[in-house]
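Architecture and fold: a report
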Amino acid sequence: GLVGSEMYIRDSHESLLSSYFINDPQDSNPPLLMAFYLFVLLLVSVSLILIIHNSFAVSMNARVHQFGIFSSIGATPGQIRTCLLQEAAMLCVIPVLIGSFVGIALTFGAIQAVNILADSIVGRHEAAFAYHPLVFAVTILTSFLTVLISAWLPAKKLSKMTPLEAIKLSLI
């Protein structure tokens, strides 16, 4: 059999390979934890896009009359769509930044709490907080892309509406 250090090395290699979705072909039960995490992340992302999309759709549809007037005085569909996307971006800049910074602070606090709680454990390694600026940039970019995708769909629909359709819908 394998001794302790050999088992540790083997388990470490298997863990690293499974994080890249490379599994042992003879293993009848391959580890699927990373695939599950990615599935949950995708599910949450799609759910958030749908929630944000519906919020923007309700907000934009409440102002159909206003955009019908803009259209009747010569605003092009592209100008209306740009106006709506700029509004969505401005509404989300501060919440996205605050949410990101609060998330970073809570993560830092959780790591500090774990270090305090585990202080009496002998032979442990202290948990360290590390947050690369590139991760922050990707987080912010992903957040803004989520907002823009969510706002694009109702903005596209609303910008294609004729002035007569907008006035008719606002009267209902």
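Residues numbered from 1 in each chain as written. Predicted model: local features only at pLDDT ≥ 70, side-chain atom pairs only at ≥ 80, totals over all residues. Heavy atoms only, no water.

A short note on the overall build of the protein
Going by this rule: The way it works is that DSSP assigns letters per residue, a run of H or I at least four long becomes a helix, a run of E at least two long becomes a strand, and they are numbered from the N terminus. For each residue, the accessible area found with a 1.4 Å probe, counting protein chains only, is set against the maximum for its type, and the residue is called buried under 20%, exposed over 50%, and partly exposed in between. A contact between two residues is defined here by any heavy atoms of the two lying within 4.5 Å. We get accessible surface area from the Shrake-Rupley algorithm with a probe of 1.4 Å; when it comes to residues, only the shown protein chains can shield them.
Summing up its helical and strand segments, the protein has 6 helices and 0 strands in all. Starting at the N terminus and ending at the C terminus, the protein contains elements arranged as α-α-α-α-α-α. When the 172 residues of the protein are sorted by exposure, 19% land in the buried category. Within the protein, contacts between residues separated by at least 24 positions form 72% of all contacts whose residues are at least 6 apart in sequence. Summed over its atoms, the accessible surface of the protein is roughly 12,500 Å², and 72% of this surface lies on carbon and sulfur atoms.

Here we look at the nonpolar core
Our working rule: Only buried residues count toward a nonpolar core, which is a set of Ala, Val, Leu, Ile, Met, Phe, Trp, Tyr and Cys residues joined through side-chain atoms within 4.5 Å.
The biggest cluster of nonpolar side chains holds 17 residues, and the ones touching the most others in it are F56, M60, L84, A151 and L158. Secondary-structure elements contributing two or more residues to this core are α2 (33-61), α3 (64-72), α4 (77-117) and α5 (133-159). A total of 6 residues in this core trace back to one element, the largest contributor, which is α4. Apart from the residues lying within four places of it in its own chain, the contact partners of A151 are F56, M60, L85 and A88.

Here's the deal with the environment of F129
Residue placement: F129 occurs in the loop between α4 and α5. The sequence separation of F129 and F108 amounts to 21 residues, and the corresponding C-alpha distance is 6.1 Å. Among all residues touching F129, those that are not within four sequence positions of it are I104, T107, F108 and I111.

Here's the deal with α3
Given 3.6 residues per helical turn, the α-helix brings residues three or four places apart onto the same face. Note the threshold: Each direction from the helix axis to a C-beta atom contributes to the arc, which is the arc of those directions.
Within the sequence span of α3, burial applies to V64, F67, G68 and S71. Seen end-on, α3 carries its buried residues on one side only, within an arc spanning 110 degrees. G74, located one to two residues past α3, shows a positive phi value of around 110 degrees.

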